[in-house]
Amino acid sequence: MNQERLTSLIETLDYGPAPESEAKTREWLKSHGSKFSHYINGAWQPPMKGSYLKTINPARSEEELAQIALGTKEDVDAAVTAAKNAFPGWSALPGHRRARYLYAIARAVAKHARVFAVLESLDNGKPIRETRDIDVPVVIRHFYYHAGWAQTLENEFPGYRPGGVIAQIIPWNFPFLMLAWKIAPAIAAGNTVVIKPSKSTPLTALLLADILLSEVKLPPGVVNVVTGDSKTGTMLYEHPVPWKVTFTGSTEVGRIIRKGTAGSGKHLTMELGGKSPFIVFDNADLDSAIEGVVNGIWFNEGQVCCAGSRLLVQEAIQDDFVKRLKRRMRKLRVGNPLDKAMDMGAINNAEQLKKITELMDIGVKEGAVMWQPDNVKCPPGGFFLPPTLFTGVEPSHTIAQEEIFGPVLVTLTFRTPAEAIQLANNTRYGLAASIWSQDIDTAMDVARKVKAGTVWINSTNLFDAAAGFGGYRESGYGREGGREGMYDVLIETDHTPSEAGGRPEATGMVAHDRPAGDQSEGKADTNDMIDRTFRFLIGGALVRPDQMGSFTVTSPTGESLAVVGEANRKDVRNAVEAARGAFPSWFESSAHMRAQIIYFWAENLAVEKERFADAIAAQTGCAHHTAQAEVDQSISRLFDCAAYADKFGGTVQPVLGRRLVIGIREPVGVVGIRASDESPLLALISVVGAAIAMANTVVVVAGKHALTAMDLVQIIQHSDVPAGVINVLSSQKPDAIARILAEHEDVDAIWFFGNHEGSKAVEEASTGNMKQTWVSDGKVIDWIGVRRERLLLKSTQVKNIWVPYGV
Ligand code: NAD
């Protein structure tokens, strides 16, 4: 063969079709008459109201794949009841028995892997290459991994137990994978579940149900699948029985669920949207980075919560990089998802296709330049879109800010690492980031500074059950996978808060909890205190209240103890600004230094022990020796916090492939705290000490026992705590101030220790930026026995950094 002929053959070589067989999957659909009931209590139960929805094939949008039951209140109730009834038996099984069931699920899924992969491609529209090589294997891995937690639970999580029924709501972009992420940890821990898949992708959940029933023989009621639409989802999260709601979906719906569950006492895990940066430095391996971009944004047609949808390229290589990228985009193939040679399949549904194209139009209107490879053709009859690239994008453009959730990449440039970080964090989301640089210093520095729950270095879109996944900021809270994910499906056994006014269960007395007739013993001489007027601590300075308002702190018998400032919205604003300003350097300070400061704080508190005891006794009316004990406990608690500052750092997990995942416990950010009205000093020290030990900055508002908080200000000032790290306000209406803090967009978490109404109000108000909440809901917290780990877990969020090694 001559050279010319050979060259022409190579140039004209094209892929032939390589379709995966649908036969077995179609057989399974037919075996159910292509019409599915709910899976409740280990049996197929038709919808009580008899309504069905259809699920279609997005690659052939006229084709109905099956009908699925439309869940109503009665169906949800039946499923929750089944889960509730199954809970005692399931949770009482030895961990080893549960481990065997999870192991059996993993094995059964592996056995039917191809049927699952084809079904997922048919129902979702994603290419078989992905469902076969990623979705299904990661599902299997998840069940195996969590079989291990079921086995080791008692040893690894002493003092924790499953809470009962968990309500689970999942989206359409990774239907089977999200199901596994939710079900595996929940049932490994001993909970039972009701899961509601998305109405457009319910089929793999139903196939799994079939296998649980016929092959795994999972006890009835442990896993229940209720299909339906968003209303079914609402009925599920509103149901009074589940102790927890885990939701994966859009931030918008996450907000609705947060509001809808406010005041219910339900725990939440929120896995929400993203707009993740994909950062390429000029010293990156560019060929690898180009493949990374392809994976980052065109994997699953960009319908990936952690898609690298914002490409940030260092200016010097921008032209070259975009040129290479366009060349690569011309090679992408869009078409039949069941064709093994396809890179991209169909968008999942018509609504999503419309949303994506509308955002693309906005991008063009706002002045960005859109490019699509003219040789990439989309087949007719389905919801297809070609890979799309936007250049000339400004950070303020809608397409640079909004989650497009489609195969659309926007590019921006940066000059320095600092600018890259600033651009990367210029979003309300914080799900993931991908960093490309051959320089380990640059990569790790950016990894630390970028606000995201998952960071991939020289890689992207990697998942492993041993590495927890979850967001920062408006990408949500809680984790799925890893050890960190297990905490989210367990509750503490040794801390069951009693109802308001009830006694804490642990031994030891809280300061207010004193025997009658003990009033006068060691009572403080309150006369000294009457004339003292306290100011707020804001940004390291003693500051008068904005409106010069004040109120009097009194003893239980009505004696005036001190006049303290009354905070308003402006004081809150100033305090938050100070806390935000102090955060970057406090975050970067060494744990050793933070520990030293907290030890010094304890030392200074010890010197003033008597004064604090007097004030506690005066405010609460407790015996002096009880107050002294509280001061001693507080000093000890500060030692705890200092000790843990450099001992609650994180983990390193080997995961599949040549990678290590470094799980770092990072601070949540600026924490707003409504101080407890119990144990004035110990409660305050416990939460503030833990928060700052873990590198958060705080704004505290004290109410009933503001005298102690204000006394503490002086100690803080003399303990080398940097300005702005701790800010203290007081108010006669601390619940109202807490609400302002909860509404503040620059506060990352709100902790509220007070009554039910106030707890509900801050939970409702937290939805603006989806801040993390910790509320006592009118229950008394045992501040003496409080688990240190609990304080530390509340003060941190895990960032998992994936570091590849070898070649
Ligand atoms: P969605 O929020 O519209 O729906 C998710 C689920 O919630 C579906 O089951 C839906 O029926 C249900 N739902 C919708 N409205 C509801 C309501 N008012 N009350 C109760 N349930 C309701 O999301 P989607 O369009 O299915 O999925 C795409 C979104 O999911 C994207 O924003 C994506 O980023 C996000 N996502 C996040 C992660 C993560 O781990 N962070 C993973 C996958 C997808």
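Now for a description of the structure that goes with this document. (Residues numbered from 1 in each chain as written. Predicted model: local features only at pLDDT ≥ 70, side-chain atom pairs only at ≥ 80, totals over all residues. Heavy atoms only, no water.)

1. What to know about the packing of helix α2 (residues 23–31) against helix α5 (residues 113–124)
Step number 1: Two elements in contact, α2 and α5, have axes separated by 8 Å at closest approach and are oriented at 80°. In terms of axis orientation, α2 runs roughly perpendicular to α5. Listed contacts from α5 to K24, T25, R26, W28 and L29 of α2 are V115, V118, L119 and L122.
Step number 2: Residue composition of the contact of α2 with α5, grouped by class: 6 nonpolar, 1 polar and 2 charged. (Axes fitted to C-alpha atoms, helices over the stretch in contact; angles between N-to-C directions. Helix = DSSP H or I, 4+ residues; strand = E, 2+ residues; numbered from the N terminus. Parallel < 35°, antiparallel > 145°, perpendicular 65-115°, else oblique. Contact = heavy atoms within 4.5 Å. Nonpolar A, V, L, I, M, F, W, Y, C, P; charged D, E, K, R; others polar.)

2. Comments concerning the side chain of K799
Step number 1: Among the structural elements, K799 can be located in strand β32 (residues 796–804).
Step number 2: Judged by its relative accessible area of 0%, K799 is buried.
Step number 3: In terms of polar contacts, K799 uses its side chain to reach the backbone carbonyl oxygen of V450, at 2.6 Å.
Step number 4: At 3.3 Å, the side chain of K799 and the side chain of E666 are in polar contact. (Buried < 20%, exposed > 50% of the residue type's maximum accessible area, 1.4 Å probe, protein only. Polar contact = N/O pair within 3.5 Å; in protein donor to acceptor, adjacent residues only side chain to side chain.)

3. So, the packing of helix α21 (residues 624–645) against helix α22 (residues 680–693)
For any two helices packed against each other, one specifies the crossing angle of their axes together with the interaxial distance.
Step number 1: Orientation of α21 relative to α22, taken along the N-to-C sense of each, is 10°, at an axis distance of 9 Å. Judged on the interaxial angle alone, α22 and α21 are roughly parallel. Contacts between α21 and α22 involve E630, V631, Q633, S634, R637, L638, C641 and A645 from the former and P680, L681, L682, I685, S686, G689, A690 and A693 from the latter.
Step number 2: Residue classes in the contact of α21 with α22 are distributed as 10 nonpolar, 4 polar and 2 charged.

4. Concerning the sheet that holds strand β17 (residues 432–436)
Whenever strands of a sheet pair, they do so through backbone hydrogen bonds, lying parallel or antiparallel.
Step number 1: Read from one edge to the other, the open sheet built from 10 strands follows the order β14-β15-β16-β13-β12-β17-β18-β32-β26-β25, with strand pairing classed as mixed. The open sheet has two edge strands with one neighbour each: β14 (369–371) and β25 (650–654). When the angles between neighbouring strand axes are averaged without regard to direction, this sheet yields 20°.
Step number 2: Pairing of β17 with strand β18 (residues 454–457), which is carried by 4 bridges, proceeds in the parallel orientation. (Pairing = 2+ DSSP bridges.)

5. Notes on unusual backbone geometry
Step number 1: Not every positive phi belongs to a glycine, and N458 is a case in point at roughly 45°.
Step number 2: Along the chain, N458 falls in the loop between β18 and β19 (476–477).
Step number 3: One non-glycine residue, R473, lies in positive phi territory at about 50°.
Step number 4: Take R473: its relative accessible area is 25%, and that puts it in the partly exposed class.

6. A short note on helix α15 (residues 417–424)
Step number 1: Among the residues making up α15, those that are buried are A420, I421, L423 and A424. The buried residues of α15 all sit within an arc of 165° when viewed along its axis, so they share a single face.
Step number 2: Where the residues of α15 are buried, they touch β12 (277–280), β13 (310–314), β16 (408–414) and α16 (440–449). (Arc of directions from axis to C-beta.)

7. What to know about the site of the ligand
Step number 1: Around the ligand lies a shell of 27 residues, among which I170, K196, S250, L272 and E403 are the nearest.
Step number 2: Between an oxygen atom of the ligand and a side-chain N or O atom of W172, the distance comes to 3.0 Å.
Step number 3: Between T234 and the ligand, the recorded distance is 3.0 Å, taken from a side-chain N or O atom to a nitrogen atom.
Step number 4: Contact with the protein chains covers 89% of the free accessible surface of the ligand, which is 830 Å².
Step number 5: At the level of elements, α9 (230–238) and β10 (244–248) are the ones that each hand at least two residues to the shell around the ligand.
Step number 6: Examining the composition of the shell around the ligand, we find that 4 residues originate from one element, α9, more than from any other.
Step number 7: Looking at the shell around the ligand residue by residue, the classes come out as 14 nonpolar, 9 polar and 4 charged. (Near = heavy atom within 4 Å. Areas by Shrake-Rupley, 256 points an atom, 1.4 Å probe, with all protein chains shown as cover.)

8. Points about the pattern of salt bridges
Step number 1: Going through the model one piece at a time under the given rule, you end up with 43 salt bridges.
Step number 2: K449 is paired through a salt bridge with E588; the nearest N and O atoms lie 4.0 Å apart. Of this pair, K449 sits in helix α16 while E588 sits in helix α18 (residues 569–588); the two residues are 139 residues apart in sequence, bridging distant segments of the chain.
Step number 3: K449 sits in the partly exposed class, given a relative accessible area of 26%.
Step number 4: Note that R611 is salt-bridged to D711, the shortest N-O span being 2.7 Å. One end of the pair, R611, is in helix α20 (residues 609–620); the other, D711, is in helix α23 (residues 706–717), and 100 residues separate them in sequence.
Step number 5: Classification of R611 as partly exposed rests on a relative accessible area of 23%. (Salt bridge = Lys/Arg side-chain N within 4 Å of Asp/Glu carboxyl O.)

9. A look at the nonpolar core
Step number 1: Counting 116 residues, the largest nonpolar core has V280 and W298 as its most contacted members.
Step number 2: Leave out the neighbours within four places in its chain, and V280 touches L286, A289, L311, L312, V313, Q314, I317, F321, F414 and W436.
Step number 3: Formed by 95 residues, the second largest nonpolar core is a distinct cluster that contains F534, F612, V701 and L791. (Core = buried A, V, L, I, M, F, W, Y, C linked by side-chain atoms within 4.5 Å.)

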